[in-house]
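Observations on the model geometry
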Amino acid sequence: MKSLERALRQIRGEGRKALVPYFMAGVTPNWRDYVHAAIQGGADAVEIGLPFSDPLMDGVVIQEAGLRALNAGTTLASVCAELQQESFSVPLVAMTYYNLFHYDGLERAAGRLQQAGITGAIVPDLTLEESTHWRAVCASSDVATIFMVAPSTTSDRFVQLAAATEGFCYAAARMAVTGRAAGAGDAQRVVDSVREVSDVPTYVGIGITQPEQARESSAFSDGVIVGSALVARVLAGDSPVEIEGLIATFRDAIDG
Amino acid sequence: MHMQQPDESGRFGDFGGRFVPEALMPACLELEAAFKEAWSDPAFVGEFRHVLAEFGGRPTPITHLSRLSDKLGVRIFAKREDLAHTGSHKINNVVGQTLLTKRMGKTRVIAETGAGQHGVATATAAARLGLGCTVYMGELDTQRQELNMFRMELLGARVVPVTSGSRTLKDAVNEAMREWVTCVEDTHYCLGSVMGPHPFPWMVREFQSIIGQEAREQMLSRGEGVPDMVVACVGGGSNAAGIFAGFANTTSRLIGAEAAGGAAVANGSPGVLHGMKSMLIQSEFGQIEEAHSISAGLDYPGIGPEHAHLAATGRAEYVPVSDDEVIPALQLMSELEGIIPALESAHAVAWIIREAGRAIPSGSSVLLNLSGRGDKDVAQVREMLKGQQ
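To start, this report covers the structure provided alongside it.

The rules behind the values
Residues numbered from 1 in each chain as written. Chains lettered and ligands numbered in written order. Predicted model: local features only at pLDDT ≥ 70, side-chain atom pairs only at ≥ 80, totals over all residues. Heavy atoms only, no water. Contact = heavy atoms within 4.5 Å. Buried area = accessible area lost by both parts, 1.4 Å probe. Salt bridge = Lys/Arg side-chain N within 4 Å of Asp/Glu carboxyl O. Polar contact = N/O pair within 3.5 Å; in protein donor to acceptor, adjacent residues only side chain to side chain. Helix = DSSP H or I, 4+ residues; strand = E, 2+ residues; numbered from the N terminus. Nonpolar A, V, L, I, M, F, W, Y, C, P; charged D, E, K, R; others polar. Pairing = 2+ DSSP bridges. Axes fitted to C-alpha atoms, helices over the stretch in contact; angles between N-to-C directions. Buried < 20%, exposed > 50% of the residue type's maximum accessible area, 1.4 Å probe, protein only. Right-handed = clockwise from strand over helix to strand, strands pointing away. 1 Å grid on protein atoms, 1.4 Å probe; cavity = no way out; pocket = protein on both sides within 12 Å on 5 of 7 lines; lining within 4 Å. Points joined across faces, edges and corners; volume = space filled by probe spheres on them. Parallel < 35°, antiparallel > 145°, perpendicular 65-115°, else oblique. Left-handed = near helix turned anticlockwise from the far one by under 90°. Patch = residues over 30% accessible without salt bridge, like charges linked within 9 Å, V, L, I, M, F, W, Y side chains within 5 Å. Areas by Shrake-Rupley, 256 points an atom, 1.4 Å probe, with all protein chains shown as cover.

**Overview of the interface of chain A and chain B**
Counting residues at the interface gives 34 residues for chain A and 36 residues for chain B. Here chain A and chain B share an interface that buries about 2,900 Å² over both sides, 56% of which is from carbon and sulfur atoms. Between Glu130(A) and Arg11(B) there is a salt bridge, with its nearest N and O atoms 3.0 Å apart. One can count 18 residue pairs in polar contact (both at pLDDT 80 or more) joining chain A with chain B. Taken together, the elements giving at least two residues each to the side of chain A that touches chain B come down to helix H3 (60-71), helix H5 (98-104), strand E6 (148-149) and helix H8 (155-164) of chain A. Ranked by the residues each element gives to the side of chain A that touches chain B, the list is headed by H5(A), at 5 residues. Across the side of chain A that touches chain B, the residue classes break down as 18 nonpolar, 9 polar and 7 charged.

Written out as structure tokens, the structure is:
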């Protein structure tokens, strides 16, 4: 079992619901300060967005953040080099699109992530069927491959995806790209479908914009992922201290 | 060698496959099964051919371009997809996909469009079958092709300008795919070219292969035999795939003319975009570059995966044609043959003009796929010619 899943299972074992915020790497020069602030505010793991020119699974907020990061010269290599200079007290997970790894070369990309202290990768356009090579490369590293499941996922695919995912299973609450709609949607049915076939930690994302929604969704899952709602605040100019405060309100809501 | 069936994972050699969010995977699998079943059902194939004959204007003729031939010293024949309903080959694919949409019990289609030809064709086929239709079009293209936007609206479609990224075809595909995630239950994504996740590249080629089948019979029945060369323009590559399909197992050389500013084979490298692995124009860090072409329909930094495979095996050759060559080719074709080609198709014409007596030996027979008519481009061409004066 990779270190990410051990850590996340331990969190569940302690009776704690996980809070996983998302930040876009390179969106501002001080982007790593937001990661530290999120951890101060109560994050259990942090998703680091690696910007891609054609983010198929992202709505306008994360598209805009990605564009800013790209215009600032952010690359897979630059993000990994920056992260390597620091240490973080919670697991970091990359979220990006497959072409960045494919272009870099899978072995080299996995090596970069590992050296940067990133212990998992969410690659929404890498289907289970196409993931064989990537997973084989990661088998010799500590980088976990995290799969998403969605309301449209069929029962046979729930079995396959829940068995393949490492670290946690990302349950998309609704049929939408990031940041487009709010609310729990079909999250409970999706989480239950994973739980029927696996005991892997299962986190709800896509559409969690308010602390109250985070509380509701964490009640029937192992944790929640908050992305666009935070990134929108970063784009609007909120400081790391303000973001820490916002994360703390999510933390309080989840811990109830 | 025939155009081949993709393997189980949707690959042509190294290229193709399926790279989509999990939310769309069930729809891709459903579509693959539905297409396989329909395409082996004589009733469906019969209806497809019937609609293309009764509504689409097929078969389209082959015209001997005698004055251009005399001028260039080669024998040029044009497959007249410009005479198909809505003015281009795009009607073939959308008739197939909208019939399939009905068969799958879906009530609505969405589509991306560059020059507007695929959007107009989709809106047309949707109107005929009573399907709802929304078309995503890059904002830059809505300005370049304002009349096509209005045509779609006349046909009852909703046109959504896409303001992200380069505001052209690449971004229209991104937005259509994002939208498809939200409505996949009742909506089919009517993709316009031989690209995207499996089964689209294969399915669209199959629907377009009617061009090549007709052309081969027509060349044989007029006593010309198989042409020495088959030339077509390539953005994603649907018209080229359609005509190549009729000649892949012959001795004809197959030539795809790409816009120089989007020449994915000449200037690209393998990558993953829009659900497929193919040849793509990328930055040194794996970001997809923006294409630049005077023709909105070729303004695409990639190419369909089967073309990437045909290039890798050497069965087809892909050649860049620059913007500067295209307008004179369009003018020459208009003046000598009485046919105003679409800017896209004019890339293929321009290559023939450039290479006659060089890469095309004198006296060769050349089959040109005249994929669309130039009416949509007349205003743009006028502006460009004004600028040259």
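**A few points about the sheet that holds strand E9 (residues 229-234) of chain B**
Residue and element names in this part refer to chain B. The strand order across the open sheet built from 6 strands is E3-E4-E14-E9-E10-E13, with neighbouring strands paired in mixed fashion. Each end of this open sheet is capped by a strand with a single partner; those strands are strand E3 (62-64) and strand E13 (316-321). Strand after strand, the sheet turns through a mean of 25 degrees between neighbouring axes, direction not considered. When strand E4 (residues 75-80) meets strand E14 (residues 365-370), the two strands line up parallel, connected through 6 bridges. The residue of E14 that forms the bridge with Arg75 is Ser365. Packing against the sheet, helix H9 (residues 200-221) makes contact with E3, E4 and E14, and its axis sits at approximately 135 degrees to E4.

**Overview of the pairing of E9(B)**
All names here are of chain B. Burial analysis of E9 places 6 of its 6 residues in the buried class, which makes it a mostly covered element. By the alternation rule, side chains of E9 split into Met229, Val231 and Cys233 and Val230, Ala232 and Val234, which are all buried. The sheet contact formed by E9 and strand E10 (residues 253-259) spans 6 bridges and is parallel. Residue pairing in the sheet places Val234 in a bridge with Glu258 of E10. In this fold, E9 hands off to helix H10 (residues 238-244), which returns the chain to E10; that crossover is right-handed. One ladder, built from 3 bridges, connects E9 with E14; its direction is parallel.

**A word on empty space enclosed by the protein**
Residue and element names in this part refer to chain B. Scanning the entire structure with this criterion turns up 4 cavities of 30 Å³ or more. Estimates place the volume of the largest cavity at around 340 Å³. Lining the largest cavity are 28 residues; nearest its centre among them are His89, Lys90, Gly297, Leu298 and Glu344. Mapped by element, the contributors of at least two residues to the lining of the largest cavity are strand E5 (108-113), helix H5 (117-129), E9, H10 and helix H14 (343-355). Residue composition of the lining of the largest cavity, grouped by class: 7 nonpolar, 17 polar and 4 charged.

**Brief notes about the packing of H3(A) against helix H11 (residues 228-235) of chain A**
Residue and element names in this part refer to chain A. Following both chains from N to C, one finds H3 and H11 inclined at 50 degrees, their axes separated by 9 Å at the closest point. Accordingly, the angle class assigned to the pair H3 and H11 is oblique. At the point where H3 passes H11, the crossing takes the left-handed sense. When H3 is examined against H11, the residues Val61, Ile62, Glu64, Ala65 and Arg68 are found in contact with a partner set consisting of Ser228, Val231, Ala232 and Leu235. For the contact of H3 with H11, the per-class residue count stands at 6 nonpolar, 1 polar and 2 charged.

**With respect to a nonpolar patch on the surface**
Residues Phe150(B), Leu154(B) and Leu155(B) make up a contiguous nonpolar surface patch of roughly 300 Å² in combined accessible area. Tracing the chain through its elements places Leu155(B) in the loop between helix H7 (146-154) and strand E7 (158-162).

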